[in-house]
Amino acid sequence: NAGVTQTPKFQVLKTGQSMTLQCAQDMNHNSMYWYRQDPGMGLRLIYYSASEGTTDKGEVPNGYNVSRLNKREFSLRLESAAPSQTSVYFCASSESQGVRGYTFGSGTRLTVV
Amino acid sequence: QKEVEQNSGPLSVPEGAIASLNCTYSDRVSQSFFWYRQYSGKSPELIMSIYSNGDKEDGRFTAQLNKASQYVSLLIRDSQPSDSATYLCAVNPGVGRGNNRLAFGKGNQVVVIP
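The structure contained in this document is the topic of the report that follows. Note that this is a predicted model, so its numbers are computed, not measured.

1. Describing the overall build of chain A
1) Next: Summing up its helical and strand segments, chain A has zero helices and 11 strands in all.
2) Next: Taken from N to C terminus, the helices and strands of chain A fall in the order β-β-β-β-β-β-β-β-β-β-β.
3) Next: Expected size for 113 residues packed as a compact globule is a radius of gyration near 13 Å; at 13 Å, chain A falls within 12% of this value.
4) Next: The dimensions of chain A, computed from C-alpha atoms along their principal axes, are 35 × 30 × 25 Å.
5) Next: Looking at the 113 residues of chain A, the share that counts as buried comes to 48%.
6) Next: Across chain A, every contact between residues at least 6 apart in sequence was considered, and the portion connecting residues at least 24 apart equals 55%.
7) Next: Accessible surface, chain A: about 5100 Å² in total, of which carbon and sulfur atoms supply 48%.

Quick look at the structure:
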């Protein structure tokens, strides 16, 4: 049972390049989330999808877009990467409403130069 | 006021001692509470969940919840070097509230000294 799988694990981008971070879960969870984590800032929610077919902005959505492709997959796209987007990105999933907490993927370490 | 606050700085404890972490939350009607452990360079891992007032024990970990005072704590007994990590407190505001998302604290770093 893989849980939440994120790809890639590491990525270096040049300023202005675009990329998509992939996330898939095999736990039949309804809700999925994208976070970024920066030193001293804690986890900050970028976007979330409460259920298949819906997406909503979190605290720091600027510069990002998301797609809930199906119940399993939730992707995060950076259209024009900026150095301020250098961070560690975590995908998470939960049963509806997150009443049993979230399960996190292993993360993507992104550096924008 | 932040939704979830973990105000203590890095905590250094000798091996075998008790590590005590505290967390306060602002939404009085919050329903469920979690502690995550995050090793350096790794993702957060759920280690404890608690839903009602009182203590919940799981191995060397005890979570304590006091809804009247709006705090939740984590005790690590017989601390081991492998417990050295950052511990994140998370609070679920309840079904239909908070836009279906957990609120996370910024975390407390624990260093267990051999």
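2. Here's the deal with the layout of surface pockets
1) Next: What the largest pocket holds in volume is close to 800 Å³.
2) Next: Taken together, 36 residues line the largest pocket, and the ones lying closest to its centre are Gln37 of chain A together with Gln38, Ser40, Gly41 and Thr86 of chain B.
3) Next: Elements with a minimum of two residues in the lining of the largest pocket: strand S4 (31-38), strand S9 (87-94) and strand S11 (108-112) of chain A together with strand S9 (85-92) and strand S11 (108-113) of chain B.

3. Examining the interface of chain A and chain B
1) Next: Taken residue by residue, the interface counts 21 residues in chain A and 20 residues in chain B.
2) Next: Summed over both partners, the interface of chain A with chain B comes to about 1600 Å²; 53% of that surface belongs to carbon and sulfur atoms.
3) Next: Where chain A touches chain B, the interface holds zero salt bridges.
4) Next: The interface formed by chain A and chain B holds four residue pairs in polar contact (both at pLDDT 80 or more) in total.
5) Next: Elements that contribute at least two residues to the side of chain A that touches chain B include exactly S4 and strand S5 (42-49) of chain A.

4. A closer look at unusual backbone geometry
1) Next: Omega for the peptide link from Thr7 of chain A to Pro8 of chain A comes to -10 degrees, which places this bond in the cis form.
2) Next: Mapped onto the elements of the fold, Pro8 of chain A is located in the loop between strand S1 (4-7) and strand S2 (10-13).
3) Next: Despite not being glycine, Asn28 of chain A shows a phi value in the positive range, around 60 degrees.
4) Next: With respect to the element layout, Asn28 of chain A can be found in the loop between strand S3 (19-25) and S4.
5) Next: Assessed through its relative accessible area of 58%, Asn28 of chain A is described here as exposed.
6) Next: Although it is not a glycine, Gln70 of chain B sits at a positive phi angle of roughly 60 degrees.
7) Next: With respect to the helices, strands and loops of the structure, Gln70 of chain B is situated in the loop between strand S7 (61-66) and strand S8 (71-76).

5. A word on the sheet that holds S1 of chain A
The strands making up a sheet associate through backbone hydrogen bonding, with each pair oriented either parallel or antiparallel.
Residues and elements named next belong to chain A.
1) Next: The strand order across the open sheet formed by four strands is S1-S3-S8-S7, and the pairing between neighbours is antiparallel. Edge strands, defined here as strands with exactly one partner in the open sheet, are S1 and strand S7 (64-68). Between one strand and the next, the sheet's axes are offset by a mean angle of 15 degrees, whatever the strand orientation.
2) Next: Relative to S3, S1 is paired through four bridges, and the arrangement is antiparallel. Looking at the pairing, Thr7 lines up with Gln22 of S3.

6. Considerations on the pattern of salt bridges
For side chains bearing opposite charge, pairing can occur when the charged atoms are close.
1) Next: Evaluation of the coordinates by the stated rule reveals eight salt bridges over all chains.
2) Next: Among the ionic pairs, Arg100 of chain A bridges to Glu95 of chain A, the shortest N-O distance being 3.4 Å.
3) Next: Two residues, Glu45 of chain B and Arg37 of chain B, come together in a salt bridge whose shortest N-O distance is 3.0 Å.
4) Next: Among the ionic contacts, a cluster of salt bridges with common partners joins Arg36, Asp38 and Arg44 of chain A.

What counts and what doesn't
- Residues numbered from 1 in each chain as written.
- Chains lettered and ligands numbered in written order.
- Predicted model: local features only at pLDDT ≥ 70, side-chain atom pairs only at ≥ 80, totals over all residues.
- Heavy atoms only, no water.
- Helix = DSSP H or I, 4+ residues; strand = E, 2+ residues; numbered from the N terminus.
- Rg over C-alpha atoms; globule rule 2.2 N^0.38 Å.
- Buried < 20%, exposed > 50% of the residue type's maximum accessible area, 1.4 Å probe, protein only.
- Contact = heavy atoms within 4.5 Å.
- Areas by Shrake-Rupley, 256 points an atom, 1.4 Å probe, with all protein chains shown as cover.
- 1 Å grid on protein atoms, 1.4 Å probe; cavity = no way out; pocket = protein on both sides within 12 Å on 5 of 7 lines; lining within 4 Å.
- Points joined across faces, edges and corners; volume = space filled by probe spheres on them.
- Buried area = accessible area lost by both parts, 1.4 Å probe.
- Salt bridge = Lys/Arg side-chain N within 4 Å of Asp/Glu carboxyl O.
- Polar contact = N/O pair within 3.5 Å; in protein donor to acceptor, adjacent residues only side chain to side chain.
- Pairing = 2+ DSSP bridges.
- Axes fitted to C-alpha atoms, helices over the stretch in contact; angles between N-to-C directions.

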